[in-house]
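Breakdown of the fold
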Amino acid sequence: MKPVKFSLIGGAGFRAQYYLRIAQALPERFQISGMVVRNESKGRDMEAKWGTATYRTLEQLLAIENPDFIVVSVSASESLDYLLKLNELGIPALLETPPAPDLRGLELLHDQLTLNGARVQVAEQYHFHPAQEARLALIQSGQLGKITETTVSISHLYHGVSLIRKMLGVTFEEVKIRAMRFESYWVQGPTRSGPPTADKRIPLQRDLAWLDFGDRLGIYDFTKDQHRSWVRSNHLSVRGERGEIFDNRVLIQQDSCAELQLELKRMNKGELENAEGYFLKGIICGERWVYENPFAPARLYDDEIAIASCLQKMADYTFGGPSFYSLEEASQDQYLGMMIEKAIQTGETITAMPQCWALTEEKKRRV
């Protein structure tokens, strides 16, 4: 198979450079077909660094390039205009998160894109991380029974909400949200710019929210910049009728009343005397592979593996494959994230009702 060709809008940004690294590591799968970088100086820098043509406008890019789809990696407030243009041209788009900055923006996406059949997917990568894929595989195996609870302390707002929904198996149901914020101080750790350069304390905000779906409970727990910190840990647990996953530990009571204690174990190549190269092969639980890295032996870290999964699924979607994370799903996660923030600010229990995109998605599911 020849590699899929995609272009990038916003190619000089932090997120966009993930796609450049992935294409560089997997040239047999992905090929960059130009980038839109509005700033000419930054564009020249990107050309020198990545060896890929840049253009100042979408029109200039499309006059020369012929991508299979386009990754839109600009701010949420700027993305709608690009998505409307791409929809008019019939070009599928992979949109970076979040899809819009507020409820009105989410409604505009629904009215102007979803209802007009726009071919848009959203690059929400967290549920494609190897660890989350392994946990979801265990859930889908039925060994834990019906899932009733999850605690997600992985990333902020809509990212965390997306994991809560995936782990619980909920879609657009009504949910009651209570939340609080606890403030203290901690030492500043790494940021997007790199490791800390001075030992200093900064204000810390820890947000806790309880999402009550009636028969299922999601607990959101996130401290600002926790996912980059050297002194705070990520955590995810899932509880079902027959067992639980607590980070990498798996506890199950079988119907024979036999007790199982298992571990999610990463299997890496290139360790000790192994000479196959250094990469993640997959994750095992007992005797079963619950995740196998589809991009091995490329040397990608977990976030890059997850985004590469978005790219591969977008390629499949472009050529007739299934939706994998729709505008409707992304809108739901952004909406619930906003409702968590509202619950924090007001101190009230907020009831999040199904929105316009939920009704459309449910209708599609029934067809």
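One can find the structure itself at the top, above this paragraph.
Residues numbered from 1 in each chain as written. Predicted model: local features only at pLDDT ≥ 70, side-chain atom pairs only at ≥ 80, totals over all residues. Heavy atoms only, no water.

**A word on the sheet that holds strand β8 (residues 175–187)**
- Strand order in the open sheet formed by 11 strands is β16-β15-β14-β13-β12-β11-β7-β10-β9-β8-β17, and the pairing between neighbours is mixed. The sheet terminates laterally at β16 (288–292) and β17 (350–352), the two strands that pair on one side only. Looking at each pair of strands side by side, their axes are set apart by 20 degrees on average, direction ignored.
- Here 3 bridges tie β8 to β17, and the two strands are oriented antiparallel to one another. Considered in β17, the bridge of K176 is made with T351. (Pairing = 2+ DSSP bridges. Helix = DSSP H or I, 4+ residues; strand = E, 2+ residues; numbered from the N terminus. Axes fitted to C-alpha atoms, helices over the stretch in contact; angles between N-to-C directions.)

**Things to note about the side chain of E244**
- In this fold, E244 is placed in strand β12 (residues 243–246).
- The class of E244 is buried, set by a relative accessible area of 14%.
- In this structure the side chain of E244 is engaged in a polar contact, spanning 3.0 Å, whose partner is the side chain of R239.
- In this structure, E244 is in contact with L144, V238, R239, R249, V250 and L251, ignoring residues within four places of it in sequence. (Buried < 20%, exposed > 50% of the residue type's maximum accessible area, 1.4 Å probe, protein only. Polar contact = N/O pair within 3.5 Å; in protein donor to acceptor, adjacent residues only side chain to side chain. Contact = heavy atoms within 4.5 Å.)

**Structural notes on helix α7 (residues 157–168)**
- Across its 12 residues, α7 extends 16 Å between first and last C-alpha, which sits within 8% of the 16 Å expected from 1.5 Å per residue.
- The element α7 is largely enclosed, with a buried count of 10 among its 12 residues.
- Looking at α7, one finds that the buried residues are Y158, H159, G160, V161, S162, L163, I164, R165, M167 and L168.
- Where α7 is buried, its residues touch α6 (130–141), β7 (147–153), β9 (201–212), β10 (217–223), β11 (235–240) and α9 (327–346). (Expected span 1.5 Å × (residues − 1).)

**Description of the packing of aromatic side chains**
- For the coordinates displayed, the defined rule picks out 7 aromatic pairs.
- Aromatic side chains Y18 and Y301 sit 6.3 Å apart centroid to centroid with 70 degrees between the ring planes, which places their arrangement in the edge-to-face category. Taken together, the residues Y18 in helix α1 (residues 16–25) and Y301 in the loop between β16 and α8 (302–318) connect sequence positions 283 residues apart.
- Assessed through its relative accessible area of 43%, Y301 is described here as partly exposed.
- Note on Y335 and W357: the rings are 5.9 Å apart at their centroids and 75 degrees apart in plane angle, and the pair reads as edge-to-face. Here Y335, found in helix α9, pairs with W357, found in helix α10 (residues 356–366); they are 22 residues apart in sequence, far enough to count as distant.
- Among the residues examined, W357 registers a relative accessible area of 1% and is labelled buried.
- Through pairs of rings, three or more aromatic residues link up here, namely F6, Y19, F30 and F69.
- The side chain of R178 reaches across the aromatic face of W210, ending 5.4 Å from its centre. (Phe/Tyr/Trp six-rings, centres within 6.5 Å; stacked < 30°, edge-to-face > 60°. Lys NZ or Arg CZ within 6 Å of the ring centre and 35° of its normal.)

**Describing the environment of K265**
- Structurally, the position occupied by K265 is in strand β14 (residues 259–269).
- Once residues lying within four places of it in the same chain are set aside, the contact partners of K265 are G282, I283 and I284.

**Notes on a nonpolar patch on the surface**
- Together, V187, W230 and V231 line one region of the surface with nonpolar side chains, adding up to about 320 Å² of accessible area.
- The residue V187 is located in strand β8 in this model.
- Residue V187 is classed as partly exposed on the basis of its relative accessible area of 36%. (Patch = residues over 30% accessible without salt bridge, like charges linked within 9 Å, V, L, I, M, F, W, Y side chains within 5 Å. Areas by Shrake-Rupley, 256 points an atom, 1.4 Å probe, with all protein chains shown as cover. Salt bridge = Lys/Arg side-chain N within 4 Å of Asp/Glu carboxyl O.)

**What about the sheet that holds strand β3 (residues 54–55)?**
- Judged by pairing direction, the sheet is parallel, and its 6 strands sit side by side in the order β3-β2-β1-β4-β5-β6 without closing on themselves. The two strands at the open ends of the sheet, each matched to only one other strand, are β3 and β6 (120–122).
- Along the sheet, α1 contacts β1 (4–9), β2 (30–36), β4 (69–72) and β5 (93–95); its crossing angle with β2, the most-contacted strand, is approximately 145 degrees.

**Some words on α9**
- Helix length check: α9 (20 residues) gives 28 Å between terminal C-alpha atoms against 28 Å at 1.5 Å per residue, within 8%.
- In terms of burial, α9 is largely enclosed, as 15 of its 20 residues are buried.

**Observations regarding the pairing of β9**
- Alignment of β8 against β9, held across 12 bridges, turns out to be antiparallel. In the strand pairing of β9, R178 is matched with W210.
- When β9 meets β10, the two strands line up antiparallel, connected through 7 bridges. What sits directly across from W210, in β10, is I219.
- Following β9, the chain reverses through 4 residues before pairing antiparallel with β10; G214 in that reversal takes a positive phi of roughly 95 degrees.

**What about the state of the cysteines?**
- As enumerated under the stated definition, the model contains 0 disulfides in all.
- Lacking any disulfide linkage, C285 is separated from the closest cysteine sulfur, that of C257, by 20 Å. (Disulfide = S-S within 2.5 Å.)

**Digging into unusual backbone geometry**
- In this structure, the amide linkage connecting T97 to the following residue, P98, adopts the cis form with an omega of -10 degrees.
- As for its placement among the helices and strands, P98 is situated in the loop between β5 and α5 (103–112).
- In this chain, A296 is followed by P297 through a cis amide linkage whose omega measures 10 degrees.
- Among the structural elements, P297 can be located in the loop between β16 and α8.
- Look at D225: it is not a glycine, yet its phi comes out positive at around 65 degrees.
- Tracing the sequence through the fold places D225 in the loop between β10 and β11.

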